[in-house]
Every structure is written in C-alpha cells, then in structure tokens.
Amino acid sequence: MSTTAETLYTRTDAALGGFAIRPLDPFADAELLHGWVTHPKASFWMMQDASLPEVEREYMRIAAHEHHDAFIGLHEGRPAFLMEKYDPSRLELVGLYEAQPGDVGMHFLVAPSERPLHGFTRAVITTVMAALFADPETERVVVEPDVENTAVHALNEAVGFVPDGPVQKPEKTALLSFCTRAQFEAATGLTGDSI
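All values reported here derive from a predicted model rather than from experimental measurement.

Enquirer: Quick one: what's the story with the overall build of the protein, residue by residue and with numbers?
Expert: The secondary structure content of the protein amounts to five helices and eight strands. Each helix and strand of the protein, ordered N terminal to C terminal, gives the series β-β-α-α-β-β-β-α-β-α-β-β-α. With the C-alpha coordinates of the protein rotated into their principal frame, the extents come out at 40 × 40 × 35 Å. Of all 195 residues assigned to the protein, the portion counted as buried reaches 47%. When contacts within the protein are restricted to residue pairs at least 6 apart in sequence, long-range pairs at least 24 apart make up 58% of them. Just so you have it, the protein exposes about 10000 Å², and 52% of that area is on carbon and sulfur atoms. Distance between charge centres in the protein, computed from 14 positive and 29 negative side chains, equals 4 Å.

As structure tokens, this is what we get:
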C-alpha cells in the first residue's frame, strides 16, 4: 500500500508555484475529504449529506477497486484538491460511449478556500491533465460533468476538452467530453517534454 508521503507527480505553475499529486489514504484523509465533499461549493460531487464514515467507506471502496484510483493534490505542500482517475470502459460510462484504447476517465474537486487565488482552479485542472498525460499510455481523457455545471465546462474547454453531447447516467444528465493529448498541448502550450 502506498504511503501518503509518496509523490507521484509534480508540476510548477509559473504564477502559482508548486503542485504535486500523492496517493489518497482513505483512513488518514477521510476527515479532510469529508470537509471538502460536503461543502456547499461541492454540490456537483453529490456527497453533500455524507457522514464521515460514509466518506471513509467510499474512498476505501475506490482504493480497493481495480479500475478506479483517488489522489490528493497539493499546492505548495498543502492538500488543495482531490483527483480521481478511472477506466471509463469499465466504470461510469459503460455502454454510454464507444471506448478507445488509452481512454482515461477523470474527476477533480478543488478544496474550499477562504482566500481564493486567481487562476487556481485552472492551474489545478492543468496539473491533473498533465499528470494523466504523463502516463504514455493515456491517449484521451474522458469526462462526464453534470450538464448544469457550466463553470467546469468552461475549465474543461480551457484545457482542450471538446463536448460530444449529453448522456444520461443514473444520477445525472452528463456532458460527455473528450481531450486528446494534442488538444491538451494546443490549449495549454505544454508539450510532451513539459508534461
């Protein structure tokens, strides 16, 4: 099992400094996550009423799943965002789109902050995407945010996502969107060398 001290990916943002991603520990991180996922700004995460034990159980379930992983993102060494990656051909989007080899599903959640930093959420999604594309097997990132979540649609577009159209999931109507490595590089100016 990974330790929370293990850093899997690092990136320096020109304006906002150091970002890093480490494995999530469902036990050690449960209280932190509970505060994030139940915050009013996390309504699209759909865990508003979750208890601390329920959050712990959900992330234990993810940690045990063969095709789903969760990570804590750090900004300047402090926990600042949650990242999940999954195989969309086996979870979330099974039967809802034509999966391709190298597809990776992604969710991210920025921690609530009393002093928001300008451009922070965009730096987070850029870091998340760069981390996913740092794996040479990742060809395309697939997302399925709620159709009502216009703020995340704008962020997705800023890093290269192209909407494919709505799909009906059991819990929501989602805007299925895709971003290839080339689209990400074109949108962000990052190249394979800087990813």
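Enquirer: Tell me about the environment of E66, residues and numbers included.
Expert: One can find E66 in the loop between α2 (52-64) and β3 (68-75). Exposure remark for E66: the relative accessible area of 68% places this residue in the exposed category. Sequence spacing of E66 and E171 is 105 residues, and the spatial spacing of their C-alpha atoms is 22 Å.

Enquirer: Explain the environment of F161 to me, and be specific about the residues and the numbers.
Expert: Relative to the assigned elements, F161 resides in the loop between α4 (150-158) and β7 (162-168). In sequence terms F161 and P116 are 45 residues apart; their C-alpha atoms lie 24 Å from each other. In this view, F161 contacts M106, M129, V141, V142, V143, N156, S177, F178 and C179; residues no more than four positions away in its chain are not counted.

Enquirer: Please set out the nonpolar core residue by residue, giving values where relevant.
Expert: Within the largest apolar cluster, 30 residues are counted, with the highest numbers of intra-cluster contacts made by M106, F108, V128, M129, V141, F161 and F184. Of all the secondary-structure elements, those providing two or more residues to this core are β2 (17-23), β4 (78-86), β5 (103-110), α3 (120-133), β6 (140-143) and α4. In terms of residue count, α3 provides more of this core than any other element does, ten residues in total. Beyond its immediate sequence surroundings of up to four residues, M129 is in contact with M106, V141, V159, F161, C179 and F184. Ranked by size, the runner-up nonpolar core spans 18 residues in total, among them A20, W36, V55 and L82.

Enquirer: I'd like a description of the packing of helix α1 (residues 30-37) against α2, backed by residues and values.
Expert: The geometry of α1 relative to α2 is characterised by a closest axis approach of 9 Å and an angle of 105° between their N-to-C directions. One way to sum up the angle between α1 and α2 is to call them roughly perpendicular. Of the residues in α2, those in contact with A30, E31, L33, H34 and V37 of α1 are L52, V55, E56 and Y59. Here the contact of α1 with α2 is built from residues that sort into six nonpolar, one polar and two charged.

Enquirer: Which residues make up the packing of α3 against helix α5 (residues 181-188), and what values do they have?
Expert: Look at α3 against α5: their axes get within 11 Å of each other, and the N-to-C directions meet at 145°. Pair α3 / α5 crosses with left-handed handedness. Along its contact with α3, which presents R122, T126, M129, A130 and F133, the element α5 presents R181, F184, A187 and T188.

Enquirer: Could you give an account of the pairing of β3, naming the residues involved and the relevant values?
Expert: Across the eight residues of β3, seven count as buried, placing the element largely inside the fold. Direction of pairing for β2 relative to β3: antiparallel, over a ladder of five bridges. Within β3, the position partnered with F19 by the bridge is H75. Both β3 and β4 contribute to a ladder of eight bridges, which runs antiparallel. Residue pairing across strands places A70 opposite E84, the latter belonging to β4. The loop that links β3 with its antiparallel partner β4 comprises two residues; one of these, E76, has a positive phi angle of about 50°.

Enquirer: Explain the pairing of β4 to me, using residue names and the numbers behind them.
Expert: For β4 and β5, the ladder comprises six bridges, and the chain directions are antiparallel. The residue of β5 that forms the bridge with Y86 is G105.

Conventions we followed
Residues numbered from 1 in each chain as written. Predicted model: local features only at pLDDT ≥ 70, side-chain atom pairs only at ≥ 80, totals over all residues. Heavy atoms only, no water. Helix = DSSP H or I, 4+ residues; strand = E, 2+ residues; numbered from the N terminus. Buried < 20%, exposed > 50% of the residue type's maximum accessible area, 1.4 Å probe, protein only. Contact = heavy atoms within 4.5 Å. Areas by Shrake-Rupley, 256 points an atom, 1.4 Å probe, with all protein chains shown as cover. Lys, Arg positive; Asp, Glu negative; His and termini not counted. Charge placed at Lys NZ, Arg CZ, Asp CG, Glu CD. Core = buried A, V, L, I, M, F, W, Y, C linked by side-chain atoms within 4.5 Å. Axes fitted to C-alpha atoms, helices over the stretch in contact; angles between N-to-C directions. Parallel < 35°, antiparallel > 145°, perpendicular 65-115°, else oblique. Nonpolar A, V, L, I, M, F, W, Y, C, P; charged D, E, K, R; others polar. Left-handed = near helix turned anticlockwise from the far one by under 90°. Pairing = 2+ DSSP bridges.

That is the geometry; function is a separate question.
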